[in-house]
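Residues per chain are reported as follows:
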Amino acid sequence: MASNRKIVPECHQAIDQMKYEIAAELGLPVGQHAAQMGNVEFATELGTISAGSIKEDYWGHIASRDTGAVGGAITRRLVQQAEQTLFGLQ
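This one's a predicted model, so the numbers in the text were calculated from it and none came from an experiment.

Peer 1: I would appreciate a short explanation of the packing of aromatic side chains in the present structure.
Peer 2: A ring pair, where both rings are aromatic, is described by two values, the distance of the centres and the angle of the planes. Evaluation of the coordinates by the stated rule reveals 1 aromatic pair. Geometrically, the ring pair formed by Y20 and W59 is tilted, given 5.8 Å between the ring centres and 50 degrees between the ring planes. Of this pair, Y20 sits in helix α1 (residues 11-25) while W59 sits in the loop between α3 (38-46) and α4 (64-86), and the two are 39 residues apart along the sequence.

Peer 1: Can you help me understand the nonpolar core in this one?
Peer 2: Formed by M18, Y20, I22, A23, L28, V30, W59, I62, V70, A73 and I74, the largest nonpolar core amounts to 11 residues. Elements with a minimum of two residues in this core: α1 and α4. For I22, the contacting residues outside a window of four places in its chain are V70, A73, I74 and R77.

Peer 1: I keep staring at α1 and nothing clicks. Help me out?
Peer 2: Along an α-helix, residues three or four apart share an orientation, since each turn contains 3.6 residues. Taking 1.5 Å per residue, 15 residues should reach 21 Å; α1 reaches 21 Å between its end C-alpha atoms and fits that length. If you check which residues of α1 are buried, you get M18, Y20, I22 and A23. The elements touched by buried residues of α1 are α4.

Peer 1: Is there a simple way to think about the packing of α1 against α4 in this case?
Peer 2: In helix packing, the relevant descriptors are the interaxial angle and the interaxial distance, both defined with respect to the helix axes. Between α1 and α4, the shortest axis-to-axis distance is 9 Å and the interhelical angle comes to 120 degrees. With respect to each other, α1 and α4 are oriented oblique. Seen along the crossing, α1 lies across α4 with a hand that is right-handed. In contact with I15, M18, K19, E21, I22, A23 and E25 of α1, α4 contributes V70, A73, I74, R77, L78 and Q81. Residue composition of the contact of α1 with α4, grouped by class: 8 nonpolar, 1 polar and 4 charged.

Peer 1: Help me understand α4 in this model?
Peer 2: In a regular helix each residue adds 1.5 Å, so 23 residues correspond to 33 Å; α4 covers 33 Å between its end C-alpha atoms and thus fits that length. Along α4, the residues classified as buried are V70, A73 and I74. Here the buried face of α4 lies against α1. Following α4 by one or two positions, G88 has its phi on the positive side, about 65 degrees.

Peer 1: Mind showing me how you'd approach the pattern of salt bridges here?
Peer 2: A pair can form between side chains of opposite charge whenever their charged atoms are brought close. This model, assessed by the stated rule, comprises 2 salt bridges. In this structure, D16 and K19 form a salt bridge, with 3.1 Å as the shortest nitrogen-oxygen distance. One end of the pair, D16, and the other, K19, are both in helix α1, 3 residues apart, so they sit about a helical turn from each other. On the accessibility criterion, D16 (26% relative accessible area) is partly exposed.

Thresholds applied
- Residues numbered from 1 in each chain as written.
- Predicted model: local features only at pLDDT ≥ 70, side-chain atom pairs only at ≥ 80, totals over all residues.
- Heavy atoms only, no water.
- Phe/Tyr/Trp six-rings, centres within 6.5 Å; stacked < 30°, edge-to-face > 60°.
- Helix = DSSP H or I, 4+ residues; strand = E, 2+ residues; numbered from the N terminus.
- Core = buried A, V, L, I, M, F, W, Y, C linked by side-chain atoms within 4.5 Å.
- Buried < 20%, exposed > 50% of the residue type's maximum accessible area, 1.4 Å probe, protein only.
- Contact = heavy atoms within 4.5 Å.
- Expected span 1.5 Å × (residues − 1).
- Axes fitted to C-alpha atoms, helices over the stretch in contact; angles between N-to-C directions.
- Parallel < 35°, antiparallel > 145°, perpendicular 65-115°, else oblique.
- Left-handed = near helix turned anticlockwise from the far one by under 90°.
- Nonpolar A, V, L, I, M, F, W, Y, C, P; charged D, E, K, R; others polar.
- Salt bridge = Lys/Arg side-chain N within 4 Å of Asp/Glu carboxyl O.

What follows is the structure in structure tokens.
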């Protein structure tokens, strides 16, 4: 039986920070960046995104391909960090 229990519960905040950094690097309008971008404001006026749903953890308006790119970049960075730690390159 699979478990969602994290081995290191304290990692959640670090992973979240990495997620939003990568999203910003890719130019994705999520979190605090979404509120600053005009296209999301326009979308809320049109009703395609409800104004109340724009919050830090809202990703519903982002394409699956883009969210997958964020997840892939997180994995790539975590593997790089692990390799650096294991091989003493840091």
